[in-house]
Amino acid sequence: MLSLLPSYPALFAHKEVLSRQTVRSLFDEDSARFDAFHRKVLGWTFDFSKHRVTRDTLALFCVLGREAGVEAARDAMFRGEAINVTEHRAVLHTALRLPRSRSLLLHGTDVVPQVHAVLAQMEGFVESLHAGALKGSTGKSITDIVNIGIGGSDLGPVMTVQALFPFRHANVRVHFVSNVDRTQLALVLRERNPETTLFIIASKTFTTQETMTNAHSAKAWLADALGVEFESAKHFAAVSTNLEAAAAFGVAADRVFGFWDWVGGRYSIWSSIGLPLACSIGMQHFREFLAGAHAVDEHFVHTRLEDNVPFLMAMLGVWCVNVLGAQTHAVLPYDQYLARFPAYLQQADMESNGKSVSRAGLPIADYETGPVIFGEPGTNGQHAFYQLIHQGTKLVPADFIVPLRSHSHVPGSSHQAKLVAHCFAQSQALMEGRTLASVLTELRAKGVSEAEAQKLAPHRVFSGNRPSSMFVTEVVTPEILGQLIALYEHKIFVQGILWDTYSFDQWGVELGKVLAGKILSDFDKGTVEPSHDGSTQALIRMFQTQQPAQR
Ligand code: F6P
């Protein structure tokens with residue numbers, strides 16, 4: 001447990017010492033502060049100099065990390081030990097990005113050849129698609145891929161396809177349906193031609209209710225349009241660990257792309273769950289994406305904690321949550337193509353570390369675990385929720401993520417300069433703040449009366465000293481995106497070790513599924529199970545009055 005680590009109390013004593021200073025004053029004292037508090041990792045620069053930290057803080061982070069056994073835990077994960085204890089599984093998304101030349105034995109079998117066999121299968125599929133050789137049942141080339149999946153079988157593909165849109169292949173468009181709300185399926189299908197559309201049914205288990213409901217509706221849509229005798233096998237592919245269920249759905253054996261139970265849903269973009277991304281950007285780029293993540297794996301494994309970026313990201317998070325009292329964490333990409341990155345991280349982080357039981361099964365009562373992750377691309381977020389980040393009563397640590405170059409730049413345009421200026425300015429404003437004296441001086445200089453200035457000034461004060469990190473890269477490429485995702489994956493892993501949670505299960509999503517099954521059974525039978533609470537019974541009856549119209 002974090003609170004039982006010998007050095008944990010030292011963090012609080014250290015916070016007291018630091019509270020005598022602001023980050024602004026630390027910059028004033030130390031002209032080399034940026035040098036000391038940034039790290040370069042591959043294509044990214046990670047600047048954490050605007051956090052409330054000193055060299056002593058970093059030393060404490062490393063002591064705490066070693067007491068928690070971060071390095072040993074990391075090595076156990078990479079070795080393939082069954083660290084997902086509650087599901088009796090290894091956690092080996094890192095094996096999905098190992099080069100062909102490496103090997104990794106799991107229960108005596110080398111998994112690397114299996115991984116590369118699936119990559120080769122994906123390559124064959126993607127090349128036929130791009131060549132126009134993948135035909136629908138009427139003989140026309142497939143032009144549109146619709147991925148049907150949810151959670152980890154959707155968020156990674158959606159986010160990465162959007163993030164790497166500049167690298168898309170001209171012949172193919174990729175779309176996504178995740179929600180069981182039929183509106184999403186209807187909106188996607190409205191614009192599709194059934195003759196040239198292929199669905200990827202992406203589900204690790206191939207039992208997820210939302211996905212299977214959408215998959216059957218997609219089949220019905222094809223049958224309606226192409227006639228009941230249409231060749232279903234030509235319009236479906238599947239990605240799953242449940243090969244039998246995929247075959248039973250009617251997917252041809254050579255179009256079922258497997259993966260393994262040692263790949264968690266929210267860590268599966270590197271597996272065949274990445275097929276929509278590969279369809280969009282091609283296998284060469286997909287392999288670069290994997291290589292980017294692998295390079296971060298190497299950094300994470302071989303770099304001492306003092307310079308280990310995922311470790312530092314994790315410890316800054318622990319510092320903000322457990323010592324400074326933050327409840328949330330903002331993820332703010334200044335790149336429109338990264339618009340879905342915060343949503344992707346919500347699942348990666350909150351499904352991993354949103355836990356309140358220790359690995360020994362004890363309640364975690366005296367410290368907080370994973371924060372609420374949220375975010376929107378800049379500069380839009382600035383005009384929505386940044387007010388609270390700057391002047392609210394809550395401390396909201398933020399990650400700014402910014403490529404210096406835009407894929408959309410045209411000569412003479414000032415968009416990128418303005419975007420980057422705003423990004424840098426926001427982190428500066430959060431750190432520097434604005435004093436009462438400076439606001440008063442400005443108001444007086446504008447000729448505002450003294451009485452009015454005194455009245456207005458408090459509302460214009462910024463406390464400052466609000467922590468943020470800056471992630472800077474030159475331009476987002478498949479390799480750079482792979483690096484970014486892997487940095488966050490390992491950050492989440494380290495935090496799970498510190499917080500003493502099991503980061504690779506998700507039992508918290510089960511109860512709602514079970515109860516939904518009972519409610520659905522009431523809907524089907526026209527009954528109301530008396531074991532439901534009064535509120536739920538009343539709500540069920542409200543739906544049942546609509547049933548003839550809605551079933
Ligand atoms: O939301 C719970 C969850 O199990 C996620 O962890 C997973 O990514 C998602 O459902 C989808 O599961 P599947 O890929 O099995 O359909």
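Residues numbered from 1 in each chain as written. Predicted model: local features only at pLDDT ≥ 70, side-chain atom pairs only at ≥ 80, totals over all residues. Heavy atoms only, no water.

## Describing the site of the ligand
This is how the line gets drawn: Residues are classed as near a molecule or strand on a simple rule: at least one heavy atom within 4 Å of it. The Shrake-Rupley method, run with a 1.4 Å probe, gives the accessible areas here. Residue values count only the displayed protein chains as cover. In this classification, the charged set is Asp, Glu, Lys and Arg, the nonpolar set is Ala, Val, Leu, Ile, Met, Phe, Trp, Tyr, Cys and Pro, and all remaining amino acids, among them Gly, are polar.
In the vicinity of the ligand lie 13 residues, with Gly 152, Ser 153, Ser 203, Thr 205 and Thr 208 positioned nearest. Here the ligand loses 86% of its free accessible area of 400 Å² to cover by the protein chains. Residue classes in the shell around the ligand are distributed as two nonpolar, nine polar and two charged.

## Overview of the side chain of Asp 335
Put simply, the rule is: Strands are runs of DSSP state E lasting at least 2 residues, helices are runs of H or I lasting at least 4, and numbering of each runs from the N terminus. Throughout this description, buried means an accessible area under 20% of the type-specific maximum (1.4 Å probe, protein chains only), exposed means over 50%, and partly exposed covers the range between. We count Lys and Arg on the positive side and Asp and Glu on the negative side, and we leave His and both chain ends out. For this document, the term salt bridge refers to a Lys or Arg side-chain nitrogen within 4 Å of an Asp or Glu carboxyl oxygen. Between two residues, a contact is recorded if the distance between any of their heavy atoms is within 4.5 Å.
Secondary-structure assignment places Asp 335 in the loop between strand E10 (328-333) and helix H14 (341-353). We note that Asp 335 is buried and unpaired, the nearest opposite charge coming from Arg 405 at a distance of 11 Å. Each residue touching Asp 335, except ones within four places of it in the same chain, is listed here: Pro 377, Pro 403 and Val 476.

## As for the nonpolar core
This is how the line gets drawn: For the purposes of this section, nonpolar cores are sets of buried Ala, Val, Leu, Ile, Met, Phe, Trp, Tyr and Cys residues that join through side-chain atoms within 4.5 Å.
Ranked by size, the top nonpolar core spans 120 residues in total, and within it Trp 262 and Phe 341 carry the most contacts. The biggest single contributor to this core is helix H19 (residues 478-499), with 13 residues. Beyond its immediate stretch of four places on either side in the chain, Trp 262 contacts Ala 90, Val 91, Leu 92, His 93, Ala 95, Leu 96, Leu 106, Val 111 and Val 115.

## Re the pairing of strand E5 (residues 144-148)
The following threshold applies: For two strands to be treated as a pair, DSSP must find at least two bridges joining them.
With five of its five residues buried, E5 lies for the most part within the structure. Neither face of E5 is left uncovered, since the one carrying Asp 144, Val 146 and Ile 148 and the one carrying Ile 145 and Asn 147 both have all their residues buried. When E5 meets strand E6 (residues 173-177), the two strands line up parallel, connected through five bridges. Within E6, the residue paired with Ile 145 across the bridge is Val 174.

## Section: the packing of aromatic side chains
The test is simple: Within 6.5 Å between ring centres, the rings of Phe, Tyr and Trp (the latter by its six-membered ring) count as paired, and their orientation is classed by plane angle as stacked under 30 degrees, edge-to-face over 60, tilted in between. As a reminder, the over-ring test applies to NZ of lysine and CZ of arginine, requiring each to be within 6 Å of the ring centre and within 35 degrees of the ring normal.
Evaluated as defined, the whole model comprises 25 aromatic pairs. Consider the rings of Phe 37 and Phe 48, whose centres lie 5.9 Å apart with planes at 85 degrees: the pair is edge-to-face. Here Phe 37 is found in the loop between helix H3 (33-36) and strand E1 (38-41), whereas its partner Phe 48 is found in the loop between strand E2 (44-47) and helix H4 (55-68), with eleven residues between them in sequence. Considered together, Phe 37 and Phe 48 belong to a single accessibility category, that of buried residues. Their ring planes at 25 degrees and their centres at 6.4 Å tell us that Phe 341 and Tyr 344 sit as a pair that is stacked. Taken together, the positions of Phe 341 and Tyr 344, both in helix H14 and three residues apart, correspond to about one turn of that helix. Here Phe 341 matches Tyr 344 in class, with each residue buried. Taken together, the ring pairs connect Phe 37, Phe 46, Phe 48, Phe 341, Tyr 344, Phe 471 and Tyr 488 into an aromatic cluster. The residue whose ring lies beneath Arg 33 is Phe 37, and the NZ or CZ to ring-centre distance is 4.5 Å.

## Comments concerning the sheet that holds strand E7 (residues 197-202)
As a general point, the strands of a sheet are linked pairwise by backbone hydrogen bonds and lie either parallel or antiparallel. Threshold: Here an angle of 0 to 180 degrees is reported between the N-to-C directions of two axes, which are lines fitted to C-alpha atoms, with helices fitted over the stretch in contact.
Judged by pairing direction, the sheet is parallel, and its five strands sit side by side in the order E6-E5-E7-E8-E9 without closing on themselves. The strands lining the two open edges of the sheet, one partner per strand, are E6 and strand E9 (256-258). Pairs of neighbouring strands in the sheet enclose a mean axial angle of 20 degrees, with direction left out of account. The pairing of strand E8 (residues 236-240) with E9 spans three bridges and is parallel. Residue pairing for E9: Val 239 is matched across the bridge by Phe 257. Strands E5, E6, E7 and E8 of the sheet are contacted by helix H9 (residues 209-226), whose axis makes an angle of about 160 degrees with E7.

## Here we look at helix H8 (residues 182-190)
Under the convention used in this document: By arc we mean the arc of the directions from the helix axis to the C-beta atoms, nothing more.
When H8 is considered as a whole, its buried residues turn out to be Leu 185, Val 188 and Leu 189. Buried residues along H8 cover an arc of 95 degrees about the axis, so they all sit on one side. Against E5, E6, E7 and H9 lie the buried residues of H8.

## So, the environment of Glu 210
Within the secondary structure, Glu 210 is located in helix H9. Look at Glu 210 and you get partly exposed, because its relative accessible area is 26%. Each C-alpha atom, one on Glu 210 and one on Glu 87, is 23 Å from the other, the two residues being 123 residues apart in sequence. Excluding residues that lie within four positions of it along the chain, Glu 210 makes contacts with Ile 150, Ser 178 and Val 180.

## Some points on the environment of Ser 217
Within the secondary structure layout, Ser 217 lies in helix H9. Separated by 31 residues in sequence, Ser 217 and Ala 186 place their C-alpha atoms 9.9 Å apart.

## Topic: helix H6 (residues 112-131)
Test applied: Every helix has an expected span of 1.5 Å times one less than the residues it contains.
Over its 20 residues, H6 extends 28 Å from the first C-alpha to the last, a length consistent with the 28 Å expected when each residue adds 1.5 Å. Turning to H6, its buried residues number three or more, namely Val 112, Val 115, His 116, Val 118, Leu 119, Met 122, Phe 125, Val 126, Leu 129 and His 130. The first or second residue beyond H6 is Gly 132, which carries a positive phi of 80 degrees.

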